[in-house]
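Now for the letters of each chain:
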Amino acid sequence: MERHLITISPAGHPDPRVARAGFDLEHAYVERCWAPVLGPTSTALLRRLPALWAEAEPARIDFGELSRSLGVGTGRGEHSPLSRTLDRLVRYRFARQAADGQWEVFRQVRPLDTHQLRRLPEWSDLPPVARTPIV
């Protein structure tokens, strides 16, 4: 089977407010707060990237292998679960596509905005600073 490698590079967030008040991908905020908004696959991918970058920057990984590691099969088309996951990260401004098969994912996530904070489940149990959107 032909390998289809993708490259995922870490990048600083383009918004200086996120650089100042954002949360690293390893922070529990990503899972506790963004998972209800992004969904489980996007959250799992964000949480996995620092480990991949620790091995090599940028991470170069087979598309099907990464997809399987997230539990979403091996499809490679533009409508595959992993393609939709990457598109979702771009839509929520966690990543940008640099070129075909090359992605930049920001090392930090922004705090949820006011609307998103109101929709969080009660059990999120966030510290007060985490309930404050960037201004």
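Residues numbered from 1 in each chain as written. Predicted model: local features only at pLDDT ≥ 70, side-chain atom pairs only at ≥ 80, totals over all residues. Heavy atoms only, no water.

Engineer: Outline helix α5 (residues 81-91), listing residues and values.
Structural biologist: Residues L82, S83, T85, L86 and L89 constitute the buried set of α5. All buried residues of α5 fall inside an arc of 160 degrees around its axis, so they share one side. In this structure, the buried residues of α5 make contact with β1 (5-11), α2 (28-38), α3 (40-55), α4 (63-69), β4 (95-99) and β5 (102-106). Where α5 ends, the next residue or the one after it, R93, has phi of about 65 degrees, a positive value. (Buried < 20%, exposed > 50% of the residue type's maximum accessible area, 1.4 Å probe, protein only. Helix = DSSP H or I, 4+ residues; strand = E, 2+ residues; numbered from the N terminus. Arc of directions from axis to C-beta. Contact = heavy atoms within 4.5 Å.)

Engineer: How would you explain the side chain of T7 if you had to name every residue and give the values?
Structural biologist: Topologically, T7 is positioned in strand β1. Leave out the neighbours within four places in its chain, and T7 touches P58, A59, R60, G101, Q102 and W103.

Engineer: So, the pattern of salt bridges: which residues are in play, and what are the values?
Structural biologist: Inspection of every chain in the model, using the stated rule, returns four salt bridges. A salt bridge links E57 to R107, with the shortest nitrogen-to-oxygen separation between them at 3.1 Å. Placement of the pair is E57 in the loop between α3 and β3 (59-62) and R107 in the loop between β5 and β6 (108-109), with a sequence separation of 50 residues. The partly exposed category is assigned to R107, whose relative accessible area is 38%. (Salt bridge = Lys/Arg side-chain N within 4 Å of Asp/Glu carboxyl O.)

Engineer: Can you lay out the nonpolar core for me, pointing to particular residues and giving the numbers?
Structural biologist: One finds L46, L66 and V109 to be the most contacted residues of the largest nonpolar core, which totals 31 residues. Contributing elements (two or more residues each) for this core: β1, α2, α3, β3, α4, α5 and β5. Broken down by element, this core gets its largest block of residues, six residues, from α2. Each residue touching L46, except ones within four places of it in the same chain, is listed here: L25, V30, L38, L89, F94, V105 and V109. (Core = buried A, V, L, I, M, F, W, Y, C linked by side-chain atoms within 4.5 Å.)

Function cannot be inferred from these measures alone, as they are strictly geometric.
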